[in-house]
Amino acid sequence: MKIKVKERAYEEVLTQPVEAHRRPRKPGMLFRFLLKALSASDLKAVNFSCRKIGMEKLKDEEPCLFLMNHSSFIDLKIAATILYPRPFNIVCTSDGFVGKNRIMRAVGCIPTKKFVTDMVLVRDMLYALKKLNSSVLMFPEASYSFDGTATPLPDSMGKCLKILGVPVVMIRTYGAFARDPLYNNLNLRKVDVSADMEYLLSPKEIGARSIEELNRMLREKFTFDNFRWQQENHIRIGEAFRADCLNRVLYQCPHCEAEGQMIGKGVRIFCGNCGKKYELTEYGFIRAVEGETEFTHIPDWYRWERENVRRELEKGTYLLDVAVDIYLMVNTKSIYKVGEGRLRHTVEGFHLTGCEGRLDYVQKPNLSYSLYSDYYWYEIGDMICIGNTEVLYYCFPKEGGDVVAKTRLATEELYKKLRDPS
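Below: a short report on this structure. Bear in mind that the values here come from a model prediction, so they are computed numbers and not experimental data.

Thresholds, definitions, all that
- Residues numbered from 1 in each chain as written.
- Predicted model: local features only at pLDDT ≥ 70, side-chain atom pairs only at ≥ 80, totals over all residues.
- Heavy atoms only, no water.
- Axes fitted to C-alpha atoms, helices over the stretch in contact; angles between N-to-C directions.
- Helix = DSSP H or I, 4+ residues; strand = E, 2+ residues; numbered from the N terminus.
- Left-handed = near helix turned anticlockwise from the far one by under 90°.
- Contact = heavy atoms within 4.5 Å.
- Nonpolar A, V, L, I, M, F, W, Y, C, P; charged D, E, K, R; others polar.
- Buried < 20%, exposed > 50% of the residue type's maximum accessible area, 1.4 Å probe, protein only.
- Pairing = 2+ DSSP bridges.
- Phe/Tyr/Trp six-rings, centres within 6.5 Å; stacked < 30°, edge-to-face > 60°.
- Lys NZ or Arg CZ within 6 Å of the ring centre and 35° of its normal.
- Salt bridge = Lys/Arg side-chain N within 4 Å of Asp/Glu carboxyl O.

## A few points about the packing of helix H5 (residues 119-131) against helix H6 (residues 157-164)
- Running from N to C, H5 and H6 cross one another at 35°; their axes reach a closest spacing of 10 Å. In the packing of H5 onto H6, the handedness of the crossing is right-handed. Facing Val-122, Met-125, Leu-126, Leu-129 and Lys-130 of H5, the residues of H6 in contact are Cys-160, Ile-163 and Leu-164.
- By residue class, the composition of the contact of H5 with H6 is 7 nonpolar, no polar and 1 charged.

Now the structure itself:
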């Protein structure tokens with residue numbers, strides 16, 4: 001999927017009109033049917049099935065909050081199918097509206113900016129639930145998983161459940177990540193996909209629990225490991241491209257510890273610095289072609305990288321300083337390419353400069369618990385997004401190897417360090 005892009009001068013983009021807020025629309029039965037119909041062929045190809053747990057507690061006409069883990073684009077097709085004919089609005093990233101605002105609103109989408117404080121979002125969700133009598137589908141992780149494990153949930157989720165005061169249902173998928181992991185450049189594998197739809201909480205149960213208890217429950221429910229699932233269920237992935245671009249996730253060599261030198265190609269990932277080679281097996285394990293296998297499990301390797309980033313932050317040696325192409329979003333008419341610059345990330349936060357000195361943006365590290373970052377974003381390239389409610393800066397690194405994953409890890413670890421200095 002691509003996105004509408006225009007090249008414009010930085011100053012010209014800043015003069016673009018800001019769109020007025022619009023309330024959500026309840027999706028009509030025609031659009032609900034079309035979404036389901038358009039999803040049928042893909043779900044048939046993956047032999048999709050859904051197990052319902054406790055769903056008899058939810059009345060047919062009762063609006064609720066659906067919380068779904070985020071693995072790949074097939075998530076929306078699953079939701080459109082298993083929720084039909086129930087009306088529901090979808091909380092989705094604002095850049096998804098670019099060039100298609102009218103149709104996105106017609107199908108019930110509610111725009112929000114990822115990892116940017118959005119005070120309007122909860123009001124829009126309340127409007128959909130209480131005024132439109134429509135359910136709301138939300139992906140609380142906000143971003144796709146890099147390593148197949150859960151991404152952090154915001155601490156505001158428990159409070160959000162209290163404010164909304166409606167039943168909560170979780171949709172959890174199996175096989176969606178294995179079929180289409182984010183690192184693999186949209187190359188689909190032959191994997192069956194299924195889902196569980198489980199009634200989690202009634203309004204009464206939400207009222208009886210503290211915000212901390214609700215947050216703890218959600219974190220437990222959103223704890224998963226897709227590679228472990230593949231291994232334990234003996235799911236074979238035989239495609240010869242399964243390790244292509246795996247270096248986006250496993251960017252640091254565990255043998256020589258060089259960064260940005262890993263190359264994922266075919267079924268192997270190897271280090272361009274020391275030459276050590278590893279194979280990603282058909283059942284999701286990592287093994288060294290020769291010598292010691294430091295990590296047999298991709299999430300363990302990724303966790304080691306996180307620990308290394310944490311140590312750099314503690315020592316004060318962490319630094320990202322790369323040349324980037326800069327794109328801006330100020331409304332949903334287009335994404336605007338405005339030029340080049342440099343993106344720095346340190347313990348002091350982000351600092352983006354560019355457009356021949358006309359752009360200078362600083363973002364403090366306490367503003368967000370994670371980072372909107374993506375691989376092959378709308379088929380443009382690997383991306384790091386920072387910004388605020390007025391403008392978003394999409395930065396595409398031009399050098400320095402695979403820095404996107406490390407920057408997300410650093411953002412998360414720095415936020416945790418600021419929240420709990422001990």
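What follows picks up the thread again.
## Remarks on the pairing of strand S13 (residues 320-329)
- With 9 of 10 residues buried, S13 lies mostly within the body of the structure.
- Sheet analysis places S13 next to strand S14 (residues 335-346), joined by 9 bridges and oriented antiparallel. Bridge pairing in S14 places Val-322 opposite Leu-343.
- The loop that links S13 with its antiparallel partner S14 comprises 5 residues.
- Taken together, the 6 bridges between S13 and strand S19 (residues 392-397) define a ladder with antiparallel strand orientation. Each bridged residue has a counterpart across the sheet, and for Asp-325 the counterpart in S19 is Phe-396.

## Regarding the packing of aromatic side chains
- Counted according to the given criterion, the structure contains 14 aromatic pairs.
- Ring plane angle 75° and centroid distance 5.6 Å describe the contact between Phe-177 and Phe-227, whose orientation is recorded as edge-to-face. Here Phe-177, found in helix H7 (residues 176-179), pairs with Phe-227, found in helix H10 (residues 226-232); they are 50 residues apart in sequence, far enough to count as distant.
- You can call Phe-177 buried: its relative accessible area is 3%.
- In this structure an aromatic cluster arises from ring pairing among Tyr-327, Tyr-372, Trp-377, Tyr-378, Tyr-394 and Phe-396.
- Lying over the aromatic face of Phe-146, Arg-408 brings its terminal NZ or CZ to 3.7 Å of the ring centre.

## Concerning the sheet that holds strand S12 (residues 286-288)
- With antiparallel pairing, 4 strands are arranged side by side in an open sheet as S9-S10-S11-S12. Of all the strands in the sheet, the pair left with one neighbour each is strand S9 (262-265) and S12. This sheet shows a mean twist of 25° between the axes of neighbouring strands, independent of strand direction.
- Across 3 bridges, strand S10 (residues 268-271) lies against strand S11 (residues 277-280) in antiparallel orientation. From the neighbouring strand, Ile-269 faces S11, where its bridge partner is Tyr-278.

## Considering the sheet that holds strand S3 (residues 65-68)
- One open sheet accounts for 7 strands, arranged S2-S8-S7-S3-S6-S4-S5; its pairing is mixed. The open sheet terminates on both sides in strands that have one partner only, identified here as strand S2 (49-53) and strand S5 (109-112). Direction aside, the axes of adjacent strands within the sheet are offset by 25° on average.
- Of the strands in this sheet, S3, strand S6 (135-138), strand S7 (168-174) and strand S8 (194-201) touch H6, which is tilted by about 160° from S3.

## A word on the pattern of salt bridges
- Applying the stated criterion across every chain, the model contains 25 salt bridges.
- Arg-242 is the salt-bridge partner of Glu-279, the closest N and O atoms lying 3.9 Å from each other. One end of the pair, Glu-279, is in strand S11; the other, Arg-242, is in the loop between H10 and S9, and 37 residues separate them in sequence. Comparing Glu-279 with Arg-242 shows no difference in burial state: the two are buried.

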